[in-house]
2 protein chains.
Amino acid sequence: MRDMKRIPFDEICQELTRVLLTVGFEDSTAKRCAKVFTENTCDGVASHGLNRFPAFVTDIRTGLVRTRVEPELVNSFGALEQWEGKRGVGILNAEKAMKRAIELSRGHGIGCVGLRNTNHWMRAGTYGLLAAEAGCIGICWTNTIALMPPWGSAERKIGNNPMAVCIPRSEGPVLLDMAMSQFSMGKLEVLSRRGEGLPLAGGYDENGELTTNPNAILKSGRALPIGYWKGSGLALVLDLIATFIAAGDSTREISQRDKETGVSQVFMAIDIVSQMGTTNVEEKVNAVIQDLLDAPTLKGFPKVRYPGQGMLTSRRENLEKGIPVDLQLWRMIQQM
Amino acid sequence: MRDMKRIPFDEICQELTRVLLTVGFEDSTAKRCAKVFTENTCDGVASHGLNRFPAFVTDIRTGLVRTRVEPELVNSFGALEQWEGKRGVGILNAEKAMKRAIELSRGHGIGCVGLRNTNHWMRAGTYGLLAAEAGCIGICWTNTIALMPPWGSAERKIGNNPMAVCIPRSEGPVLLDMAMSQFSMGKLEVLSRRGEGLPLAGGYDENGELTTNPNAILKSGRALPIGYWKGSGLALVLDLIATFIAAGDSTREISQRDKETGVSQVFMAIDIVSQMGTTNVEEKVNAVIQDLLDAPTLKGFPKVRYPGQGMLTSRRENLEKGIPVDLQLWRMIQQM
């Protein structure tokens, strides 16, 4: 276990902004990216927050990610648009795409944006939450390099294709944020760093045997899809839909590059709050959540939670007490 | 193993039509329903085809499903509409809803229909295929009565909420058709009838232990979500979105009835073929599929397949040789 220190939200934001200004960002975009990295850590998703910041800076330095390009509208079909990401900053491109999907949903009930040639967006949930804050159901996913073998194969061919689904509620959103692998790469890395095993099989080792050892899975590159054949199929169709809607590259093409870049993403917003008169429905949804929270638990399990509940707890605590940061990582960032 | 007999497509259709005409259907709707039940069996999904036909007829006779109502538009938001299903025939309502989503996609790029107060649609794939035949990506799902415990609980609270995702291709569609449980209820029933066990844990027995015995799962009513906590969350958000978009009932409310009825469904169509000029993209998609088919297999596994591939094989074979039907079931239908 490494040394952790609680650091205030604003202090982290300022430090990350400082670093980003040294690698070519403009003031406004540096601040927006720094805020997203800080929020992700604050919400308990350090694997897609500060832990990933040094690699992000490296990708800027090597030119894999371009800081001064703007995404561009390529095709419009009414409620559906295709955008070109120009290998720009994944966070900024994705924010813009979801904001555009929200705008489209205002006039059409539903809005959908396909974004091609973009880069890693860090946390899928960021853009789901953006939609929910605007009173929309947000659904978004990205393809990735190949990280999982399809069902029955030993060779990685399909991405883990993380997806967020976010549903607005006055009491706080329901946010499902998940990759199609049983464990996200970020989670495998965190457990590997801590020297811990997985609670259940999360992939194949290099001999093709299911294993709970995160290092063996990171080494073989063979993560297990959720639900075996089902997640294998789900990840595949997410890739194909993203490829179609964005008219972009598939996991297959992305995997031919040295590093993951030029990914395809889909953003959907459904404008429920301002258009549908949802008071009644929100009562129904709240009753579902309450029923879930009241469910009797299996022996040895904690109380049942809804997706996103843990995030809200982390956020509240970390905003109050400061965000727990790995001290060694923090010093590294301070020296950047 | 029961006796099976191969019966031609048209003969099955005629027989089912005859039965449906005796329970209150009009000629045209009887024919449409009979065709869907026959197609489902022809495509290798007997669990949602002929095997379910006697129960369907019972639901008509008891008045749970109403044969002579038409779904009605309740709200329109442009590319998104809400329809009231009036507890009509699930198949007919769902066909109408997906056709309407396809129409909406012609003008908006994407179309979405929420359908409330409808009944079991049999096979999700039916409506995905409908979209693909119209050159659209089709995405649809339904909520159900509670069939699975949420992660960490012993009590069923969430539906298995089957979903179809269908992607059109000249060579034949990619069709993912899956419930959020590791095994569909239909599959559990088929294996139970055959006296076979599951290849891996598919739910909890009445003591809360994971089991591969389909009877134990059917008895406890505790099916395992795909990917444990992930499928639990996914099934939940599908229910919440369906509830919102259809302004309909949630799994919680549906489960309070004696039998499953009044479910909420979502239909999305994305008009890729006629609007997007997808020749390039279809090449990309075909390359992904070919790459998948060429993947080396794990020891003891058959060749890797894409979702829907088996269906096309079954369909071709059964159209040529006749559809394999359980002889005992066939005689029962003939006496209805």
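Quick caveat: nothing in here was measured; it's all calculated off a predicted structure.

Engineer: Hey, could you run me through the pairing of strand 10 (residues 263-271) of chain A in this one?
Structural biologist: Moving residue by residue along a regular strand, the side chains alternate between the two faces of the sheet. Residue and element names in this part refer to chain A. The element strand 10 is extensively covered by neighbouring structure, given that nine of its nine residues are classed as buried. Looking at chain direction, strand 5 (residues 136-142) and strand 10 are connected through seven bridges and run antiparallel. For Trp141, the partnering residue across the bridge sits in strand 10 and is Val266.

Engineer: Explain the relation of the copies chain A and chain B here, please?
Structural biologist: Structural alignment of chain A on chain B gives an RMSD of 0.0 Å, achieved by rotating through 180° and translating 0.0 Å along the axis. Here the two chains are linked by the operation of a two-fold rotation axis. Nearest to the rotation axis, the C-alpha of Gly227 of chain A is located 2.4 Å from it, this being the minimum over chain A.

Engineer: Looking at this structure, how should I read the interface of chain A and chain B?
Structural biologist: Between chain A and chain B, the contact holds 63 residues from the first and 63 residues from the second. For the side of chain A that touches chain B, the element with the most residues is helix 8 (residues 229-246) of chain A, which contributes twelve residues. Grouping the constituent residues of the side of chain A that touches chain B by class yields 38 nonpolar, 16 polar and nine charged.

Engineer: Even after reading the chapter, I still don't get the sheet that holds strand 3 (residues 80-84) of chain B, so can you show me in this structure?
Structural biologist: In any sheet, the strands associate via hydrogen bonds between backbone groups, in a parallel or an antiparallel arrangement. With mixed pairing, the seven strands of this open sheet are ordered in space as 2-3-4-10-5-6-7 (chain B). Every other strand in the sheet has two partners, leaving strand 2 (72-76) and strand 7 (174-178) of chain B as the edge strands with one partner each. Strand-to-strand twist in this sheet, taken as the mean axis angle between neighbours without regard to direction, amounts to 15°. Here strand 2 of chain B pairs with strand 3 of chain B via four bridges, running antiparallel. Residue pairing across strands places Glu72 of chain B opposite Glu84 of chain B, the latter belonging to strand 3 of chain B. On the sheet, helix 8 of chain A packs against strand 5 (136-142), strand 6 (163-167), strand 7 and strand 10 (263-271) of chain B and is oriented at approximately 135° with respect to strand 7 of chain B. The sheet strands contacting helix 8 (residues 229-246) of chain B are strand 3, strand 4 (110-118), strand 5, strand 6 and strand 10 of chain B, and the helix crosses strand 10 of chain B at an angle near 85°.

Engineer: Help me understand the sheet that holds strand 10 of chain A, please; the structure alone is not making it clear to me.
Structural biologist: Residue and element names in this part refer to chain A. Judged by pairing direction, the sheet is mixed, and its seven strands sit side by side in the order 2-3-4-10-5-6-7 without closing on themselves. Two strands in the sheet have a free side with no partner beyond their single neighbour: strand 2 (72-76) and strand 7 (174-178). Adjacent strand axes in the sheet meet at a mean angle of 15°, parallel and antiparallel pairs treated alike. The sheet strands contacting helix 4 (residues 90-108) are strand 3 (80-84), strand 4 (110-118), strand 5 and strand 10, and the helix crosses strand 4 at an angle near 160°.

Engineer: What's the story with the packing of helix 1 (residues 9-21) of chain B against helix 2 (residues 27-42) of chain B in this structure? I'm lost.
Structural biologist: Describing two packed helices takes the angle between their axes plus the distance from one axis to the other. All names here are of chain B. Put simply, helix 1 and helix 2 touch, their axes get as near as 8 Å, and they point 135° apart. Between helix 1 and helix 2, the interaxial angle falls into the category oblique. In the packing of helix 1 onto helix 2, the handedness of the crossing is right-handed. Contacts between helix 1 and helix 2 involve Phe9, Ile12, Cys13, Leu16, Thr17, Leu20 and Leu21 from the former and Ala30, Lys31, Cys33, Ala34, Lys35, Phe37, Thr38 and Cys42 from the latter. When its residues are assigned to classes, the contact of helix 1 with helix 2 shows eleven nonpolar, two polar and two charged.

Engineer: Looking at this model, I keep getting lost on the domain arrangement of chain A. Mind explaining?
Structural biologist: Accessible area lost on assembly of the parts is the figure often given for the size of an interface. All names here are of chain A. Along its sequence, chain A is organised into domain 1 (8-64 + 330-334), domain 2 (68-181 + 227-275 + 287-307) and domain 3 (182-224). Each partner contributes residues to the interface: domain 2 has eight residues there, and domain 3 has ten residues. Looking at side-chain class alone, the side of domain 2 that touches domain 3 contains five nonpolar, two polar and one charged residues.

Engineer: Looking at this structure, how should I read unusual backbone geometry?
Structural biologist: Leaving glycine out, the prevailing phi sign among residues is negative, and the prevailing peptide bond configuration is trans. Even without glycine at this site, Tyr228 of chain A takes up a positive phi of about 55°. In this structure, Arg87 of chain B is a non-glycine residue whose phi angle is positive, near 55°. Secondary-structure assignment places Arg87 of chain B in the loop between strand 3 and helix 4 (90-108).

Engineer: Looking at this model, I keep getting lost on the environment of Ile167 of chain B. Mind explaining?
Structural biologist: With respect to the secondary-structure elements, Ile167 of chain B resides in strand 6. A residue is classified by how many C-beta atoms lie within 10 Å of it, and Ile167 of chain B, with 29 of them, is buried. With 118 residues separating them along the chain, Ile167 of chain B and Val285 of chain B place their C-alpha atoms 9.6 Å apart. When neighbours within four sequence positions are excluded, Ile167 of chain B is seen to be in contact with Val237, Leu240, Ile241 and Phe244 of chain A together with Ala132, Ile137, Pro173 and Val174 of chain B.

Engineer: Looking at this structure, I do not really get helix 3 (residues 53-61) of chain B. What am I missing?
Structural biologist: For an α-helix the count is 3.6 residues per turn, leaving residues at separations of three or four pointing the same way. All names here are of chain B. Those residues of helix 3 lying buried are Phe53, Phe56, Asp59 and Ile60. Along the axis of helix 3, the buried residues cluster in a sector spanning 115°; they form a single face. Exposed side chains of helix 3 directed beyond 90 degrees from the buried face belong to Ala55 and Arg61. In the segment just after helix 3, Gly63 is the residue with positive phi, at about 85°.

Calculation notes
- Residues numbered from 1 in each chain as written.
- Chains lettered and ligands numbered in written order.
- Predicted model: local features only at pLDDT ≥ 70, side-chain atom pairs only at ≥ 80, totals over all residues.
- Buried ≥ 20, exposed ≤ 12 C-beta atoms within 10 Å, placed from the backbone.
- Helix = DSSP H or I, 4+ residues; strand = E, 2+ residues; numbered from the N terminus.
- Pairing = 2+ DSSP bridges.
- Least-squares fit on C-alpha atoms with pLDDT ≥ 70 in both.
- Contact = placed C-beta atoms within 7 Å.
- Nonpolar A, V, L, I, M, F, W, Y, C, P; charged D, E, K, R; others polar.
- Axes fitted to C-alpha atoms, helices over the stretch in contact; angles between N-to-C directions.
- Parallel < 35°, antiparallel > 145°, perpendicular 65-115°, else oblique.
- Left-handed = near helix turned anticlockwise from the far one by under 90°.
- Domains from an automatic or database assignment.
- Arc of directions from axis to C-beta.

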